[in-house]
Protein chains: 2
Amino acid sequence: MAGDRVFDLIERLGALLRSELRRLGAPHGLEPVHLQALAYLARANRYSDTPIAVAEFLGLTKGNVSQRLIALEKAGMLLRRPDRDDARVVHLAPTAKAQALLAALSPPPGWRAAMAASGADTARLEAGLTGLLSALQQANGRRTFGQCRGCRFLQHVGNTFTCGLTRDPLEPDHTLLLCREHEAAA
Amino acid sequence: MAGDRVFDLIERLGALLRSELRRLGAPHGLEPVHLQALAYLARANRYSDTPIAVAEFLGLTKGNVSQRLIALEKAGMLLRRPDRDDARVVHLAPTAKAQALLAALSPPPGWRAAMAASGADTARLEAGLTGLLSALQQANGRRTFGQCRGCRFLQHVGNTFTCGLTRDPLEPDHTLLLCREHEAAA
DNA sequence: CCATATTGTATCGCAGCGATACCAATTACT
DNA sequence: AGTAATTGGTATCGCTGCGATACAATATGG
């Protein structure tokens, strides 16, 4: 079946990128999961920058992720801030140091050149992968983690955005971040 | 940059598939790396069904892979056969039990349905990912692990195939397998 | 007000992973 | 032919990710 090839390709790409992340992160004492968590947090909105969101995003248990985050904090890569309203939740943000690292490693050096050299239709590739990811997430009952913009709960009047779930106003920039509560617009 | 989105998508797909593999393999006592190794070996030709080829394919050290393979053999998933000519090399093959497992788990249940539901142009997606993978492998100095057919060393006269590197005759079916020595045809 | 759900942490046992060291067989060099 | 360099493979060590379980604290809903 043709789709099986796509599966093989994505698995192989995933394995090689993982290997690459390990190599790149090692000098900084970081494992692949650390870089992935930081990369997620750099793109997560304020409803989604929590340990449990990271766990759901990466498909890991919250207990595990909790320990990884502690390691990241010790390494000076993560800042924690208690939530204003809910004493249970913690907000996470990559430090400047972590952001600099992400800028250098995510995507890894050579990626952009390889993208260009492959001659692939980037937009079409992105569209195809996005659709596939959505279908898989839906099939497995996982959260979508889509951009706030494009969520069915988002309301906007002119340039003023508000989240229909929380009734909170949203800065325009923030509607480009990933949200744990995202549901694709109809 | 647009290509960065593709990177994010592939990383996320990789993470979720990895999580899925862990869940699916757990009842059989198998970790993701075990399933990936078996899936590779099921598609590897006779020059490529060795521990070192598995290590190169997955981007892991040979020492590590060696231990994984021992675990797989103990689990009755792998058969070892010494090479006829070179006493150093070992040939690996998934057992019938392992093949049955692969048929059930690779691709995981729901994958084909998700592929269909996504409405993506499978052929185009496959082409784009293949090109990207090739470019990345070349950029990182990694082996291609392409199909024997499509390799620049392959020679064929009518329906008789021979490998230009080893001078060995190849059964037509075997030219569809993955080869460690693969180099794309000019 | 109490049962239940949610968020997060702590601890335990297991196993993957790289690094290093090592061995045996093959190949290259001279 | 004989020695050096290379290659394929395994063994061992230390570290750390990972799930499972248990637990504490806060929120929510009847």
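Residues numbered from 1 in each chain as written. Chains lettered and ligands numbered in written order. Predicted model: local features only at pLDDT ≥ 70, side-chain atom pairs only at ≥ 80, totals over all residues. Heavy atoms only, no water.

1. Examining the environment of Ala87 of chain A
Residue and element names in this part refer to chain A.
Phase 1 of the analysis: Here Ala87 shows up in the loop between β1 (78-82) and β2 (90-94).
Phase 2 of the analysis: Its relative accessible area of 80% is what places Ala87 among the exposed residues.
Phase 3 of the analysis: Sequence separation of Ala87 and Val54 is 33 residues, and the distance between their C-alpha atoms is 18 Å. (Helix = DSSP H or I, 4+ residues; strand = E, 2+ residues; numbered from the N terminus. Buried < 20%, exposed > 50% of the residue type's maximum accessible area, 1.4 Å probe, protein only.)

2. Looking at the protein's contact with DNA strand C
Phase 1 of the analysis: Around DNA strand C lies a shell of 27 residues, among which Lys62, Arg80 and Arg88 of chain A together with His34 and Arg68 of chain B are the nearest.
Phase 2 of the analysis: Separating a sugar or linking oxygen of DNA strand C from a side-chain N or O atom of Asn64 of chain B is a distance of 3.1 Å.
Phase 3 of the analysis: A distance of 3.2 Å separates a phosphate oxygen of DNA strand C from a polar atom in the backbone of Ala87 of chain B.
Phase 4 of the analysis: Of all elements in the fold, only α3 (51-58) and α4 (62-74) of chain A together with α2 (32-41) and α4 (62-74) of chain B reach the threshold of two or more residues within the surface near DNA strand C.
Phase 5 of the analysis: No other element matches α4 of chain A, which puts 5 residues into the surface near DNA strand C.
Phase 6 of the analysis: When its residues are assigned to classes, the surface near DNA strand C shows 8 nonpolar, 8 polar and 11 charged. (Near = heavy atom within 4 Å. Polar contact = N/O pair within 3.5 Å; in protein donor to acceptor, adjacent residues only side chain to side chain. Nonpolar A, V, L, I, M, F, W, Y, C, P; charged D, E, K, R; others polar.)

3. Comments concerning the sheet that holds strand β4 (residues 160-163) of chain B
In a beta sheet, neighbouring strands are held together by backbone hydrogen bonds and run either parallel or antiparallel to one another.
Residue and element names in this part refer to chain B.
Phase 1 of the analysis: An order of β3-β4-β5 is seen for the 3 strands of this open sheet, with the pairing classed as antiparallel. Strands with a single pairing partner mark the edges of an open sheet, and in this sheet they are β3 (154-157) and β5 (169-170).
Phase 2 of the analysis: Judged from the 2 bridges that link them, β4 and β5 form a sheet pairing that is antiparallel. Paired with Phe161 across the bridge in β5 is Leu170. (Pairing = 2+ DSSP bridges.)

4. Looking at the interface of chain A and chain B
Phase 1 of the analysis: Residue-level contacts link 53 residues of chain A with 53 residues of chain B.
Phase 2 of the analysis: Of the roughly 5,500 Å² buried between chain A and chain B on both sides combined, carbon and sulfur atoms contribute 67%.
Phase 3 of the analysis: Its largest share of buried area at the contact with chain B, chain A owes to Phe7, Arg12 and Trp111 of chain A, together 13% of the area lost on that side.
Phase 4 of the analysis: If you look at where chain A meets chain B, you find 6 salt bridges.
Phase 5 of the analysis: The shortest N-O distance in the salt bridge between Glu126 of chain A and Arg5 of chain B comes to 3.6 Å. (Contact = heavy atoms within 4.5 Å. Buried area = accessible area lost by both parts, 1.4 Å probe. Salt bridge = Lys/Arg side-chain N within 4 Å of Asp/Glu carboxyl O.)

5. Details of the relation of the copies chain A and chain B
Phase 1 of the analysis: Overlaying chain A on chain B yields an RMSD of 0.0 Å, the required transformation being a rotation through 180° with an accompanying axial translation of 0.0 Å. The transformation relating the two chain copies, once decomposed into turn and shift, fits a two-fold axis. Minimal C-alpha separation from the rotation axis in chain A is found for Gly14 of chain A, amounting to 2.3 Å.
Phase 2 of the analysis: Taken together, the interface assignments show that 100% of the residues at the interface of chain A recur at the interface of chain B, consistent with an identical surface on both copies. (Least-squares fit on C-alpha atoms with pLDDT ≥ 70 in both.)

6. Concerning the nonpolar core
A general tendency of soluble globular proteins is for nonpolar side chains to be buried together.
Phase 1 of the analysis: Membership of the largest hydrophobic core comes to 34 residues, with the highest contact counts inside it found for Ile10, Trp111 and Leu129 of chain A together with Ile10, Trp111 and Leu129 of chain B.
Phase 2 of the analysis: The contacts of Leu129 of chain B, once residues within four sequence positions are left out, are Val6, Leu9, Ile10, Leu13, Leu125 and Leu129 of chain A together with Ile10 of chain B.
Phase 3 of the analysis: Leu30, Leu38, Ala53 and Val65 of chain B belong to the second-largest nonpolar core, a separate cluster that totals 28 residues. (Core = buried A, V, L, I, M, F, W, Y, C linked by side-chain atoms within 4.5 Å.)

7. Re the UniProt feature "domain: HTH marR-type" (unreviewed entry) in chain A
Phase 1 of the analysis: Residues annotated in UniProt with the feature "domain: HTH marR-type" (unreviewed entry) correspond here to residues 3-138 of chain A.
Phase 2 of the analysis: In residues 3-138 of chain A, helix accounts for 65% and strand for 7%; the two terminal C-alpha atoms are 18 Å from one another. (UniProt positions renumbered as here; feature names shortened; annotations may be inferred.)

8. Some details on the packing of aromatic side chains
Phase 1 of the analysis: Under the counting rule described, the total for this entry stands at 8 aromatic pairs over all chains.
Phase 2 of the analysis: An angle of 70° between the planes, with centres 5.2 Å apart, marks the rings of Trp111 of chain A and Phe7 of chain B as edge-to-face. Of the two residues, Trp111 of chain A is situated in helix α6 (residues 111-118) and Phe7 of chain B in helix α1 (residues 2-25); the pairing between them involves two chains.
Phase 3 of the analysis: Owing to a relative accessible area of 2%, Phe7 of chain B belongs among the buried residues under this scheme.
Phase 4 of the analysis: Taking NZ or CZ as reference, Arg12 of chain A lies 4.0 Å from the ring centre of Phe57 of chain B, over its face. (Phe/Tyr/Trp six-rings, centres within 6.5 Å; stacked < 30°, edge-to-face > 60°. Lys NZ or Arg CZ within 6 Å of the ring centre and 35° of its normal.)

9. As for the protein's contact with DNA strand D
Phase 1 of the analysis: Around DNA strand D, a shell composed of 27 residues is seen, among which His34 and Arg68 of chain A together with Lys62, Arg80 and Arg88 of chain B lie nearest.
Phase 2 of the analysis: Considering DNA strand D, the proportion of its atoms within 4 Å of the protein that are sugar or phosphate atoms stands at 68%.
Phase 3 of the analysis: A distance of 2.9 Å is found between a phosphate oxygen of DNA strand D and a backbone nitrogen or oxygen belonging to Ala87 of chain A.
Phase 4 of the analysis: At 2.9 Å from a phosphate oxygen of DNA strand D is found a side-chain nitrogen or oxygen belonging to Ser66 of chain B.

10. A word on the pairing of β3 of chain B
Phase 1 of the analysis: Note that β3 of chain B and β4 of chain B share 4 bridges and pair antiparallel. In the strand pairing of β4 of chain B, Val157 of chain B is matched with Thr160 of chain B.

11. Section: the side chain of Gln36 of chain A
Phase 1 of the analysis: Within the secondary structure layout, Gln36 of chain A lies in helix α2 (residues 32-41).
Phase 2 of the analysis: Beyond its immediate stretch of four places on either side in the chain, Gln36 of chain A contacts Leu21 and Leu58 of chain A together with Glu11 of chain B.

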